[in-house]
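# Observations on chain architecture
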Amino acid sequence: TGWDVHMNHCDAIVTPCHFCKEIFVDAGVTTPIYVVPLGINAIYRPVERNPERPLTFLAFIDRGLRKGGIEAQRAFQAAFGDNMNYRLILKGRKSKIRASILNPNVELIQEDYSEEQLYQLYLRADVMIAATKGEGFGLLPRQFAATGGIALATNWAGTADDIDRWGVPLDYKLVKADWSHHGRLATMDLGQWAEVDFDGLVAQLRHVADHRETYARRAMAQAPG
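## Here's the deal with the overall build of the protein chain
Scanning the protein chain from N- to C-terminus turns up eight helices and ten strands. A compact globule built from 225 residues would reach a C-alpha radius of gyration of about 17 Å, and the protein chain, at 18 Å, matches this within 12%. Going through the 225 residues of the protein chain one by one, you find that 42% of them count as buried. The long-range fraction of contacts in the protein chain, counting pairs at least 24 apart against all pairs at least 6 apart in sequence, stands at 54%. When the accessible surface of the protein chain is totalled, it reaches about 12,400 Å², and 52% of it is carbon and sulfur. Taken as two groups, the 25 positive and 27 negative side-chain charges of the protein chain have centres that lie 5 Å from each other.

## Examining the environment of Pro 51
Within the secondary structure, Pro 51 is located in the loop between strand E2 (33–35) and strand E3 (55–60). Of the residues examined, Pro 51 reaches a relative accessible area of 58% and is grouped as exposed. Placed 104 residues apart in sequence, Pro 51 and Asn 155 show a C-alpha to C-alpha distance of 27 Å.

## Things to note about the side chain of Arg 49
Within the secondary structure, Arg 49 is located in the loop between E2 and E3. Buried and unpaired, Arg 49 has Asp 126 as its nearest opposite-charge partner, separated by 5.0 Å. At a separation of 3.0 Å, a polar atom in the side chain of Arg 49 contacts the main-chain carbonyl oxygen of Tyr 122. A distance of 2.5 Å separates a polar side-chain atom of Arg 49 from the backbone oxygen of Thr 147. Those residues in contact with Arg 49, other than ones at most four positions away along the chain, are Tyr 122, Leu 123, Ala 125, Asp 126, Phe 144, Thr 147, Gly 148 and Gly 149.

## Looking at helix H3 (residues 69–80)
Within an α-helix, residues lying three or four positions from one another point in the same direction, as the helix has 3.6 residues per turn. Here H3 contains twelve residues, and its C-alpha end-to-end distance of 16 Å stays within 8% of the 16 Å for a straight helix at 1.5 Å per residue. Against E3, strand E4 (86–92), strand E5 (106–110), strand E6 (127–130) and helix H7 (198–210) lie the buried residues of H3. Immediately downstream of H3, the backbone of Gly 81 shows phi near 60°, a positive value.

## Observations concerning the packing of aromatic side chains
Counted by the stated rule, this structure contains nine aromatic pairs. Between Phe 57 and Phe 76, the ring centres sit 5.8 Å apart and the planes meet at 65°, which makes this aromatic pair edge-to-face. Here Phe 57, found in strand E3, pairs with Phe 76, found in helix H3; they are 19 residues apart in sequence, far enough to count as distant. Summarising the burial analysis for this pair, Phe 57 and Phe 76 share the class buried. Ring pairing ties together the aromatic residues Tyr 44, Tyr 119, Tyr 122 and Phe 144, which thus form one cluster. Its guanidinium or amino end placed over the ring of Phe 198, Arg 74 lies 4.3 Å from that ring's centre, counting from NZ or CZ.

## Considerations on the nonpolar core
Of all hydrophobic cores here, the largest spans 27 residues; its most connected members are Phe 57 and Leu 205. Secondary structure elements with two or more residues in this core: E3, H3, E4, E6, strand E7 (150–154), strand E8 (168–170), H7 and helix H8 (212–222). Once you skip the residues sitting within four places of it in the chain, Leu 205 turns out to touch Phe 57, Ala 75, Phe 76, Ala 79, Phe 80, Ile 129 and Leu 152. Ranked by size, the runner-up nonpolar core spans 21 residues in total, among them Tyr 119, Ala 125, Ala 130 and Ala 146.

## Describing unusual backbone geometry
Within the chain, Ala 157 stands out as a residue other than glycine whose phi angle is a positive 60°. Its place among the elements puts Ala 157 in the loop between E7 and helix H6 (163–166). Given the relative accessible area of 5%, Ala 157 is considered buried. Even without being glycine, Asp 162 reaches a positive phi, approximately 55°. Within the secondary structure, Asp 162 sits in the loop between E7 and H6.

Rules of the game
Within every chain, residues take consecutive numbers counted from 1 along the sequence as written. Owing to the predicted nature of the model, reporting of local features is limited to residues with pLDDT of at least 70; listing and counting of side-chain atom pairs is limited to 80 or more, with chain, interface and lining totals taken over all residues. Side-chain metrics in this entry use all non-hydrogen atoms of the structure; hydrogen atoms and water are not considered. The numbering of helices and of strands both runs from the N terminus, where a helix is a DSSP run of H or I of at least 4 residues and a strand a run of E of at least 2. Throughout, radius of gyration means the C-alpha value; the globule benchmark is 2.2 Å times the number of residues raised to the power 0.38. We call a residue buried when its accessible area falls under 20% of the maximum for its residue type, exposed when it is over 50%, and partly exposed in between, using a 1.4 Å probe and counting protein chains only. The contact criterion used throughout is that any non-hydrogen atoms of two residues lie within 4.5 Å. To measure how exposed things are, a 1.4 Å probe is used in the Shrake-Rupley method; for residues, cover is taken only from the protein chains shown. Asp and Glu count as negative and Lys and Arg as positive, but His and the ends of the chain are not part of the count. Charge positions come from single atoms, namely NZ of Lys, CZ of Arg, CG of Asp or CD of Glu. Here a salt bridge means any side-chain nitrogen of Lys or Arg lying within 4 Å of a carboxyl oxygen belonging to Asp or Glu. A 3.5 Å cut-off defines polar contacts: any pair of N or O atoms within that distance qualifies, except that in protein one atom must be a possible hydrogen donor and the other a possible acceptor, and neighbouring residues in sequence count only when both atoms are side-chain atoms. Between the first and last residue of a helix there are one fewer steps than residues, each counted as 1.5 Å, and that sum is the expected span. Pairs were defined over the aromatic rings of Phe, Tyr and Trp, the Trp ring being its six-membered one, requiring ring centres within 6.5 Å. Orientation was assigned from the angle between planes: stacked under 30 degrees, edge-to-face over 60, tilted for the rest. Distance and angle both matter: a charge sits over a ring if NZ of Lys or CZ of Arg is within 6 Å of the ring centre and within 35 degrees of the ring normal. Residues belong to a common nonpolar core when they are buried Ala, Val, Leu, Ile, Met, Phe, Trp, Tyr or Cys residues joined through side-chain atoms within 4.5 Å.

Note that all results are geometric; they support no functional claim without further evidence.
The following block contains the structure:
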């Protein structure tokens, strides 16, 4: 509340996705708004994955629930259990609280990475599960897609823009945003965010596993040259 007043004093507003533009317009912003997507660093160049290795999934699990890492882990386990033919890498930021994962086919990384380290991590994975609850753009799944990886992303907010050109859309429903563990945000009404359809996500992971070559071929064709 009140941000529209400040934004209407600007000559122009630049935002990376159509979702944000619609939100601003609905909130009363009358300043001209331009949608300018973020760029992808040239380091994220496409590389074909080894089809003989275990099918490896990647998800980002960080402070809070918004990135959807918890849903990704639950869906992976529901789809594949402890089957070592399928692997999951959970990537988080450096944390003061170290966690442990007991599943033999799940790896947890809690470190801050450089761009080169992130690129090498992407190449270790075949599929990214971006079950995000809301993004202003969705740089991570787009970076992954640029490497030729199969990017599954929520078909809402920033990740919905042109998703059929770079990723695989995930169905969702809108629910009340839960920021109850975020200090000052816990008392605020922060509207709604997306909750990926869990059963649909599990089915999608299995479908990718059953049609690995088809998905991989499509992902490489969509990656920028």
